[in-house]
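Topology and contacts: notes
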Amino acid sequence: MTKPTSAHGPLTESSVAGLPAAPSPAPASLSGHGTETQFQLVWRAFKAHRLAMVSLYILVLLYLVAAFAEFLAPNDPHDVNARYTYAPPQELNLFERNEQGDWRFRPHVLGYEVEVDPVALRRTFVDDPSTKYYIQLLPKTHAYKLWGLIPAERHLIGVEGRRAVLFLLGTDRLGRDLLSRLIHGARVTLSIGLAGVGLSLVLGVLIGGVSGYYGGLVDSVIQRVIEFIRSIPPIPLWMGLAAALPRDWTPLQNYFAITLILSLIGWTELARVVRSRFLSLKSEDFVAAAKLDGATDLRIIWRHMLPAFSSHIIATATLAIPSMILAETSLSFLGLGLQTPIISWGVLLQEAQNLRALADAPWLLLPGLLIVVTILAMNFLGDGLRDAADPYGSAR
Amino acid sequence: MIQFIIGRLLAMVAMTLALSFVCFFIIQLPPGDVMTAYAAELASSGDSAGMQSAQLLRERYGLDQPFTVQYLKWVRNILSGDFGYSFNLKKPVSEVFGSRIGISLLVEGLAIVVLWSIAIPIGIYSAIRRYSAGDMFATVFGFIGLAVPNFLLALLLMYVVYLLTGTAVEGLFSAEYARAPWSLAKLWDFLTHVWIPVLVIATGGAAQVIRVLRANLLDELDKPYVVTARAKGLSERRLIMRYPVRVAMIPLVATVGWVLPTVISSSIVTAIVLNLPTLSPILLRALLSQDMHLAGALILFMGVLTLVGTLVSDLLLAWIDPRIRTGTIDK
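Note that the structure is predicted; figures quoted are calculated from it, not measured.

Attention shifts here to the overall build of chain A. The number of helices and strands found in chain A is 14 helices and seven strands. Here chain A holds 396 residues, and 37% of them are scored as buried.

What follows covers the overall build of chain B. Regarding its fold elements, chain B presents 15 helices and two strands. Residues counted as buried form 34% of the 331 residues belonging to chain B. For chain B, contacts bridging at least 24 residues in sequence account for 72% of all contacts bridging at least 6.

Looking now at the sheet that holds strand β3 (residues 123-134) of chain A. All names here are of chain A. Strand order in the open sheet made by the three strands is β1-β2-β3, with antiparallel pairing throughout. Either end of the sheet is taken by a strand with one partner, and the two such strands are β1 (93-97) and β3. Strand-to-strand twist of the sheet, defined as the mean angle between neighbouring strand axes without regard to direction, takes the value 55 degrees. The pairing of β1 with strand β2 (residues 103-116) spans four bridges and is classified as antiparallel. In the strand pairing of β2, N93 is matched with H108.

It is worth spelling out the nonpolar core at this point. One finds W238, M239, A242 and L270 of chain A together with L283, A295 and L298 of chain B to be the most contacted residues of the largest nonpolar core, which totals 154 residues. Ignoring anything within four residues of it in the chain, the contact list for W238 of chain A reads I261, L262, I265, A327 and L331 of chain A. One finds A87, V159, V165 and L166 of chain A within the second-largest nonpolar core, a separate group that totals eight residues.

Let us now look at the confidence of the model for chain B. Of the residues in chain B, 86% reach a pLDDT of 70 or more, and the chain-wide mean stands at 80. Here the predicted complex carries an ipTM of 0.78, next to a pTM of 0.79.

All names here are of chain A. With a phi angle near 55 degrees, Y86 is a residue other than glycine that sits in the positive phi range. Its location among the elements puts Y86 in the loop between α5 (69-72) and β1. Residue classification places Y86 among the partly exposed residues on the basis of 19 C-beta atoms within 10 Å.

Compared with an ideal rise of 1.5 Å per residue, which puts 38 residues at 56 Å, helix α11 (residues 297-334) of chain A spans 46 Å between its outermost C-alpha atoms and falls more than 12% short. Just downstream of α11 of chain A lies G335 of chain A, where phi reads positive at about 90 degrees.

Residues and elements named next belong to chain A. For the pair helix α8 (residues 234-243) and α11, interaxial distance at closest approach is 11 Å and the crossing angle is 55 degrees. If you check the angle between α8 and α11, you find them oblique. Relative to α11, the crossing made by α8 is right-handed. Here I235, W238, M239 and A242 of α8 lie close against α11, whose contacting residues are A327, S330, L331 and L334. Its residues placed into classes, the contact of α8 with α11 shows seven nonpolar, one polar and no charged.

Attention now goes to the environment of A120 of chain A. Residue and element names in this part refer to chain A. In this structure, A120 sits in the loop between β2 and β3. Residue class for A120 comes out exposed when judged on the 8 C-beta atoms lying within 10 Å of it. A sequence separation of 112 residues divides A120 from I232, and the C-alpha atoms of the two residues are 49 Å apart.

All right, on to the confidence of the model for chain A then. In the predicted model, chain A carries a mean pLDDT of 79, and 89% of its residues have values of at least 70. Mean pLDDT across the secondary structure elements of chain A bottoms out at helix α1 (residues 9-18) of chain A, with 40, and peaks at helix α4 (residues 50-67) of chain A, with 90.

This paragraph deals with the packing of helix α5 (residues 93-128) of chain B against helix α6 (residues 133-147) of chain B. The axes of two packed helices give the description: the angle between them and the distance between them. Residue and element names in this part refer to chain B. Packing of α5 against α6 leaves a shortest axis separation of 8 Å and a crossing angle of 130 degrees. Viewed along their axes, α5 and α6 adopt a mutual orientation that is oblique. Where α5 crosses over α6, the handedness of that crossing is left-handed. Seen from α5, the contacting residues are I122, Y125 and S126; seen from α6, they are G134, D135 and A138. Of the residues assigned to the contact of α5 with α6, the class counts are three nonpolar, two polar and one charged.

Looking now at the environment of S311 of chain A. Residue and element names in this part refer to chain A. Along the polypeptide, S311 turns up in helix α11. Note on S311: 22 C-beta atoms within 10 Å, which makes it buried. For S311 and A388, which are 77 residues apart along the polypeptide, the C-alpha to C-alpha distance reads 8.3 Å. The residues touching S311, leaving out its near neighbours within four places in the chain, are V42 and A389.

The next point concerns the environment of L174 of chain A. Residue and element names in this part refer to chain A. Along the chain, L174 falls in the loop between β7 (157-158) and α6 (178-214). Exposure remark for L174: the 14 C-beta atoms within 10 Å place this residue in the partly exposed category. Sequence separation between L174 and Y86 is 88 residues, and the spatial gap between their C-alpha atoms is 7.5 Å. Aside from chain neighbours lying at most four places away, what touches L174 is V80 and T85.

The next thing to look at is the pairing of strand β6 (residues 150-154) of chain A. Residues and elements named next belong to chain A. Of all five residues making up β6, only zero are buried, and the element is barely covered by its neighbours. Where strand β5 (residues 140-146) meets β6, four bridges bridge the pair, whose relative direction is antiparallel. Paired with L146 across the bridge in β6 is I150. The turn linking β5 back onto β6 is made up of three residues, and W147 within it adopts a positive phi angle of 55 degrees.

Rules used in this analysis
- Residues numbered from 1 in each chain as written.
- Chains lettered and ligands numbered in written order.
- Predicted model: local features only at pLDDT ≥ 70, side-chain atom pairs only at ≥ 80, totals over all residues.
- Helix = DSSP H or I, 4+ residues; strand = E, 2+ residues; numbered from the N terminus.
- Buried ≥ 20, exposed ≤ 12 C-beta atoms within 10 Å, placed from the backbone.
- Contact = placed C-beta atoms within 7 Å.
- Pairing = 2+ DSSP bridges.
- Axes fitted to C-alpha atoms, helices over the stretch in contact; angles between N-to-C directions.
- Core = buried A, V, L, I, M, F, W, Y, C linked by C-beta atoms within 7 Å.
- pLDDT = per-residue confidence, 0-100.
- Expected span 1.5 Å × (residues − 1).
- Parallel < 35°, antiparallel > 145°, perpendicular 65-115°, else oblique.
- Left-handed = near helix turned anticlockwise from the far one by under 90°.
- Nonpolar A, V, L, I, M, F, W, Y, C, P; charged D, E, K, R; others polar.

Structure, rendered in structure tokens:
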């Protein structure tokens, strides 16, 4: 795959001629010498995969939400409201009729009126048509620090007024706004998937590379270790390691420890892929040529072999993120993973653990929906990447 | 074949030893030993006889000695059937095991049976009728099955059943049968409860098995021997079931190796959500209260269970496919 690009000149030109309308990221290089880089080829193959493209958009959106969580969340996610425990989602009304009877665009929500059932003493929330809270764009509500650094108090949307409430997705047991908590939870859940896979990637490339490049005894020892790790059920192992974490650690320490625990077991699949790639590339001519040129092992690996299969690694890594997210969510759900006050989707689902809470407040299952959407998108994206990773079309 | 079996058995013993080391490492992870908390509790209640028994227990499990000595002692105790002492339940660990192990194995076994009996027909169907509506449906089911975490599926099913019938399905028995001896009525009660956990546990694994079987079978369907059989006028049904399916099933037997860890992992989470009387809720409670001897023994048990399962599948595989036991192909 790292043969001189000119070897692919004719192939590239013919495929360009076949797809005259295909927008290319670098048209200049096309008109110049009719060659495309490896990246451009992979990108073109990837774009043909419609489901993977849609998934990419969804994921970019989710990660953007996670990045600007403080700005996008209408309420403080830790803000407790004793008056509004288990309040149902408010209906968002976009239009309002004014005195003349014309419909105007003024998004608003209705306030809550609390009715207490005299027999069961259960509280039910009903709309109160007499109180309207108008949703404002960029209002100054509660103060926050963006990324813990930049002080600000403007939010994307919000309601102003001392008694005004905006719970578009309802509230939880303590009357905290679910929408805001979901937005903040996205940051933790999505980043732990990335961080965990990043760490596994380092371990996997290192160990798998050593295993595949040197072979022999080192290889068989590493292979036995991998087999061993893969043969034990991961959840009890994760649970055991996570339970041993000291209880007095700060949330940040806790977060990193959980990431470490997840990747301690998650690196094996990546190591296997890297190893098999190394094994198949080791006998290629260009590696032999580099060796004869007197290049060091490190240089051969870094300059010649890694670029040849980096796209495969990226695809495998993408497919590994879902299992990281699933593991984090399951652990947090069981109370062994991330702990409050950290908000992750798994921590949020802990609220929905018993049937009573579910029956009273089914909207508490919403984090689950987000988890499923994220994982589906990641899987489709990974499949698309894997198909595109070999753009010379041996499979198609 | 004998050589192959001996080799596998040796590997299994080595794996079990490694596993026991990992489990003991987990037991040792929390700061202080298990007795520190126990002794403090006894001291605060002024129980001098208890203090003495704490000292006795400490000596019995060698808690005052270095790591390796403790480890060897722990292994020796386990080999003689002493899995340690649960300081929370105030019972020997083996006693805790005995009361719940049967139900645990029953639920997991049922889940595996259901998993295969869902996955195999669907896998065969979607390979033969590729790109049909049924295949598309199976693919969608597969993707969703992989994307929905087990605990979420359990919660959803619980909620849906509650919405439809107004009853809460938790546990494996209704209250009146929980302690009753087995009878037909109890068996029926069990069956009305057990389908939810079994279905939940089977889903994730089934989705994976369908994918593997479909891909394997698709590879086989174009091979010349299939064309030959068809040319000879064999009925389509006999042809498919007799030749390509059998070949495609071989790698599937090998997947028992990862189906078992998946099933055990998901049965843990599911059993906790649905509050089943299996070993899993005990594991969670033990871990949350850092009752590490109980937790370590449970993790060891679950690990050994999968190792044994993998061994059995390896032996089966070698029996079915001679190429594997002679080492001609990599499985």
